[in-house]
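# Coordinate inspection notes
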Amino acid sequence: MYRRLIVKILAGLIATALLALGALALVISHDAPCEPAPPLAQGAAGFAAIMQHCYGDADVLTLETVAQPELADNQVLVRVHAASVNPLDKHFLHGTPYLLRLMNGFNAPQSPGAGADFAGVVEAVGTAVSLFKPGDEVFGVANGAFAEYLVRSETGSIALKPANLSFEQAAAMPVAAVTALQALRDKARVEPGQQVLINGASGGVGSYAVQLAKAMGATVTAVCSGRNAELVRGLGADQVIDYTQQDFTKDDKRYDAIVDIVGNHSLSALLDVTEPDGVLVQVGSMQMNPWWGPLVRPLQAALRAPFVSQRLESLMARSNAEDLAALATYAEAGQLTSAIDQRFTLEQVPDAIRYVERGRTRGKVVINVLP
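A few points on the structure. (Residues numbered from 1 in each chain as written. Predicted model: local features only at pLDDT ≥ 70, side-chain atom pairs only at ≥ 80, totals over all residues. Heavy atoms only, no water.)

### A short note on the nonpolar core
For the record, the criterion: Nonpolar core, defined: a set of buried Ala, Val, Leu, Ile, Met, Phe, Trp, Tyr and Cys residues in which side-chain atoms within 4.5 Å join the residues together. Think of it in three bands: with a 1.4 Å probe and only protein chains considered, a residue is buried below 20% of the maximum accessible area for its type, exposed above 50%, and partly exposed in between. Put simply, DSSP H or I for four residues or longer makes a helix, DSSP E for two residues or longer makes a strand, and each gets a number counted from the N terminus. Whether two residues are in contact is decided by their heavy atoms: any pair within 4.5 Å suffices.
Membership of the largest hydrophobic core comes to 52 residues, with the highest contact counts inside it found for L184 and I198. Counting residues per element, this core draws most heavily on helix α5 (residues 174–188), at eight residues. Here L184 is in contact with R189, V190, V196, I198, A209, L212, A213, M216 and V259, once residues within four sequence places are set aside. If you look at the next biggest cluster of nonpolar residues, it comprises 33 residues, including C54, L61, V129 and A352.

### Some points on unusual backbone geometry
Unusually for a residue other than glycine, R189 sits at a positive phi of about 55°. Mapped onto the secondary structure, R189 falls in the loop between α5 and β8 (195–199). Taking the relative accessible area as the measure of exposure, R189 reaches 47% and is therefore partly exposed.

### A short note on the pattern of salt bridges
Quick note on the threshold: By definition, a salt bridge exists where a carboxyl oxygen of Asp or Glu is found within 4 Å of a side-chain nitrogen of Lys or Arg.
This model, assessed by the stated rule, comprises 12 salt bridges. D117 is paired through a salt bridge with K364; the nearest N and O atoms lie 3.4 Å apart. On the criterion of sequence distance, the pair formed by D117 in strand β4 (residues 117–125) and K364 in strand β15 (residues 364–368) is long-range, its members being 247 residues apart. By relative accessible area, K364 is classed as buried at 3%. Between R311 and E313 there is a salt bridge; the shortest N-O distance is 2.9 Å. For R311, a relative accessible area of 26% puts it in the partly exposed group. Using a relative accessible area of 17% as the deciding quantity, one classes E313 as buried. A cluster of three or more residues bridged by salt bridges with shared partners is formed by D59, D351 and R354.

See the structure below:
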């Protein structure tokens, strides 16, 4: 009798949990309609910015005049000269994977600013700021980078711009180059003399990964399409494999480290060409589940890891000032630069994102904010 009662209670709890999850799924996946932006207060100082008031395609992005932000004591005001587009931007645009909405807003973005990578000049600082001063050239990551101005905490993801790079080149770096750095240094732990393969070498992350792996003393094999072979050779790749002509997972050569930015091969195939004591780093995937997004591959890797000799690592990069400063050191030593594919104006940000969504970008796409 008591057993039946316990079974009924458990069944009821499971049914309730499933209903709650179903209701949450419906709520999260619903897109609210786009509401017009509130008017700027009369007489208020403003600047141009790309804004997103709802989830959708690039058409929901609008160029608006927004109020000049007030500085807190620990913040800096940056006049943005250039920004750049990342695949991350399209995920925030569409609100997918849906789990992203738990942080960014269920049915519409909590913060309507768009863009992340920026480079510019510090125009003003808060009273407690000691790391920066007006006139400093800086680069970094901040929400709302597709704008003429932005505000960032002095201890956030912001650093002095490499002196030998233009604002365009510096703006292209932060998200993609930090991802490449953390994949190679922290996950792969690349050492001089190792054989490193970069799958997806001509994209944003890949183009920086080729250069950083070379700077770390590795012998680099770059996988890309034939049309991009000259680009990645120019970035320092020792060998280039055209994936349209050759499947590197079917070759005899093995690698000490593989950084997979594409996710177009199975884990088994990749492990077949990874040294028994090597490492496979999962950075991205072409297969994007609308709910879990890029988390599917890391879950598969975690399940597989106990049964193989190789290390299986997954990366969700986090930008920070220390790594931006490390990138600046590589750049100033002549070991890191930005391959720029296309340039757009602030008004053309929707077109820039459509271009990136095609998935054929060579290097980075830059937004020139300051004419």
